[in-house]
Amino acid sequence: MPDAKSMPTQTATIPSTAVPSGPQRKRGRPPQTAPGTVPGAVQSLGRALDLMESVAAAEQGAGLSELAKATGLAPSTAHRLLKTLQQRRYVSHDAERGLWFVGVQSFTVGAAFLRTRNVVAAARPVMRQLMEESGESVSLAVLDGADAVYLAQIECRAMMRALARPGGRAPLHCSGVGKALLAALAEGERVPLYQRIDFTRYTEHTLTDADVLEAALRPVAARGFAIDDEEFALGLRCVAAAIRDEYGEPVAAISCSGPTARVTAERVEPLGRLVAAAAAEIALALGAVQKR
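Definitions and cut-offs
- Residue numbers run consecutively from 1 along every chain, following the written order of its sequence.
- Given that the model is predicted, a residue must reach a pLDDT of at least 70 before its local features are reported, and side-chain atom pairs must reach 80 or more before they are shown or counted; all residues, however, enter totals for whole chains, interfaces and linings.
- Side-chain calculation: all heavy atoms of the structure are included, whereas hydrogens and water are not.
- The pairing criterion for strands is at least two bridges between them, as found by DSSP.
- Strands are runs of DSSP state E lasting at least two residues, helices are runs of H or I lasting at least four, and both sets are numbered from the N terminus onward.
- Axes here refer to lines fitted to C-alpha atoms; in helices the fit is confined to the stretch in contact. Angles between the N-to-C directions go from 0 to 180 degrees.
- Note on contacts: a residue pair qualifies if any of its non-hydrogen atoms lie within 4.5 Å across the two residues.
- Between Lys or Arg on one side and Asp or Glu on the other, a salt bridge is scored when a side-chain nitrogen of the former is within 4 Å of a carboxyl oxygen of the latter.
- Accessible area is worked out with a 1.4 Å probe on protein chains only. A residue is then buried under 20% of its type maximum, exposed over 50%, and partly exposed in between.
- Ring geometry is summarised as follows: Phe, Tyr and Trp rings, the Trp one being its six-membered ring, pair when their centres sit within 6.5 Å, and such pairs are stacked at plane angles under 30 degrees, edge-to-face over 60 and tilted between the two.
- In plain words, nonpolar cores are sets of buried Ala, Val, Leu, Ile, Met, Phe, Trp, Tyr and Cys residues tied together by side-chain atoms within 4.5 Å.

Visitor: What should I look at first to understand the sheet that holds strand β4 (residues 147-154) in this one?
Guide: Strands sit in the order β5-β4-β3-β8-β7-β6 across an open sheet of six strands; the sheet is antiparallel. Looking along the sheet, the strands with just one partner apiece sit at the ends: β5 (169-171) and β6 (226-229). In this sheet, adjacent strand axes meet at a mean angle of 30° when their direction is disregarded. Note: β6 against strand β7 (residues 236-244), four bridges, orientation antiparallel. Within β7, the residue paired with I227 across the bridge is V239. With respect to the sheet, helix α6 (residues 176-184) is in contact with β3 (137-144), β4, β5, β6, β7 and β8 (250-259), its orientation differing from that of β7 by roughly 35°.

Have a look at this one:
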């Protein structure tokens, strides 16, 4: 979160997801399934993925003991799995500092997701044009469970600017992209999501009640864009619009964010129109039919 002297950001860190390693079993007894584990799942693979997620969450690298604790694994088990992942280049190891980092193969596999979606390729030229027209940073995000995940950003040239690291997460109830994605869903899809949102209060402006949020989302469709008015970070204002496919379903959201000193209340409406037009242009590039 930015303070009054720092650069406003929308950067969020991907939390590590640790799955319990499961109860110890006596020799000769059938294996027990840990709570939340899908029957038939391969335990060693699950443990390796837990390690991968923990390594990814540690931006400055993580030591063996830290990773073992985060995943509930014995250090010896964690080390064997990490060595296997290192051999396949999914993680790398800095022997001098004893830290583990994400490897190049992880990027290769992750980039395949973007290729299959094609939304980033279609959006990037429009995002750059929007950045030039608005003078503010432009971001692209998709819905992932009870969060929005940033896929790409075009940073503006100003010294004070909003940052959204690709792969970072944003809460649905108080971010521009999150509110745009929620508003684009049918009510029957939106309401169940409220049960999964923790409604954390980030600032004094954050909406922390599902009914209040629902009421705030109703005008979004008519207006064409959602607004984050210092709800996620003080000093940061954001407008965002959903990008819909040919069936009218939201596939992503595009946002324009900046410090409130530049993105004043008077600029919200014209910036919102620019963002809504950019979302429609990207939708056309993805094959959506233009409304007459």
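Read on, since the account is not over.
Visitor: Would you explain the pattern of salt bridges in this entry?
Guide: Should their charged atoms come close, side chains of opposite charge can pair. If you walk through the whole model with that rule in mind, you get 11 salt bridges. For E136, the salt bridge identified is with R267, shortest N-O distance 3.3 Å. Of this pair, E136 sits in the loop between α5 (119-134) and β3 while R267 sits in helix α10 (residues 265-285), and the two are 131 residues apart along the sequence. With a shortest N-O distance of 2.9 Å, E231 and K179 are connected by a salt bridge. Linking E231 in the loop between β6 and β7 with K179 in helix α6, this pair joins segments that are 52 residues apart in sequence. The class for E231 is buried, based on a relative accessible area of 7%.

Visitor: Help me out: how do you make sense of the packing of aromatic side chains in this one?
Guide: The geometry of an aromatic ring pair is captured by the separation of the ring centres together with the interplanar angle, meaning the angle of the planes. All told, the structure shown has two aromatic pairs when counted by the stated rule. A centroid spacing of 6.4 Å and a plane angle of 55° characterise the contact between Y194 and F199, whose relative ring orientation is tilted. With a centroid separation of 5.0 Å and an interplanar angle of 90°, the aromatic rings of Y202 and F232 are classed as edge-to-face. Separated by 30 residues along the polypeptide, Y202 in the loop between α7 (187-194) and α8 (210-217) and F232 in the loop between β6 and β7 bring together distant segments of the chain.

Visitor: Hey, could you run me through the nonpolar core in this one?
Guide: Most often, soluble globular proteins keep nonpolar side chains buried together rather than apart. By size, the foremost hydrophobic cluster in this structure holds 32 residues, and its most contacted members are M127, L140, V239, I243, A252, I254 and V275. The set of elements that each furnish at least two residues to this core consists of α5, β3, β4, β7, β8 and α10. In this structure, V177, A180, I197 and V220 belong to the second largest nonpolar core, which totals 24 residues.

Visitor: What is the right way to look at the side chain of S106 in this model?
Guide: As for its placement among the helices and strands, S106 is situated in helix α4 (residues 104-117). Overall, S106 belongs to the buried group, its relative accessible area being 17%. With sequence-adjacent residues up to four places away left out, S106 is seen in contact with M52, R89 and Y90.

Read these as spatial facts, not as claims about activity.
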